[in-house]
Amino acid sequence: MATPRVLMVCLGNICRSPMAEGILKHKAQLQGLDVFIDSAGTSSWHQGEQPDGRAQEEMLKNGIDISDQNSRPFRPDDFDHFDHILVMDTSNKANVLSLARTAEDKAKVKLILDFGSEKKGNSVPDPYYDDSFDRVYDLLDYACDAFLQELK
Ligand code: 4NP
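Criteria and cut-off values
Residues numbered from 1 in each chain as written. Predicted model: local features only at pLDDT ≥ 70, side-chain atom pairs only at ≥ 80, totals over all residues. Heavy atoms only, no water. Buried < 20%, exposed > 50% of the residue type's maximum accessible area, 1.4 Å probe, protein only. Phe/Tyr/Trp six-rings, centres within 6.5 Å; stacked < 30°, edge-to-face > 60°. Helix = DSSP H or I, 4+ residues; strand = E, 2+ residues; numbered from the N terminus. Lys NZ or Arg CZ within 6 Å of the ring centre and 35° of its normal.

Draft legend 1. Representation of unusual backbone geometry in the model. Although it is not a glycine, Asn13 adopts a positive phi angle of roughly 55 degrees. With a phi angle near 70 degrees, Asp131 is a residue other than glycine that sits in the positive phi range. For Asp131, a relative accessible area of 47% puts it in the partly exposed group.

This is the structure in structure tokens:
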């Protein structure tokens, strides 16, 4: 089977989607699963920057180093290179869907919290302003487990 390719998407690509990328990579590695994982932002506001220091700190608390990541904007050709495009909130979803060219593109886009039974339809809150990085970690940890379960 071809290696599944997963793109995590948020607004700035410095908080939620880098954390989601790091968590999913860590879990896939622990489970011996071959999955290609990347992340992007719907804006280019932080292009080239490392993840927010608070996101890096929260991840390190959980044993995961994401200092090698750099923000980049989502591009329409990401639809050609990824099988699953997991967005953090409903605004990210609308922005990504507005760039979709085909029904096949649209079908790749899902809210990350649609994975798992507890939070379907919900958004991952943006921790950039309210510092809720530990809550975001827990939500993403749960959703990434559920996503890998479905992928297997
Ligand atoms: P993220 O958080 O979308 O989870 O990376 C944000 C990062 C930066 C900004 C907003 C949200 N900003 O306004 O610069």
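Right, picking up where we left off after that structure.
Draft legend 2. Spatial organisation of the packing of aromatic side chains. Counted according to the given criterion, the structure contains 4 aromatic pairs. A centroid spacing of 5.0 Å and a plane angle of 90 degrees characterise the contact between Phe115 and Phe147, whose relative ring orientation is edge-to-face. Of this pair, Phe115 sits in the loop between strand S4 (109-111) and helix H6 (127-130) while Phe147 sits in helix H7 (residues 133-151), and the two are 32 residues apart along the sequence. Exposure class is identical for Phe115 and Phe147. Each is buried. Ring centres of Tyr128 and Tyr129 lie 5.0 Å apart, and the angle between their planes is 85 degrees; on these two criteria the pair is classed as edge-to-face. Classification of Tyr128 as partly exposed rests on a relative accessible area of 32%. The ring of Phe36 has Arg5 lying over it, and the distance from NZ or CZ to the ring centre is 4.0 Å. Above the plane of the ring of Phe82 lies Arg5, whose end atom (NZ or CZ) is 5.6 Å from the centre.

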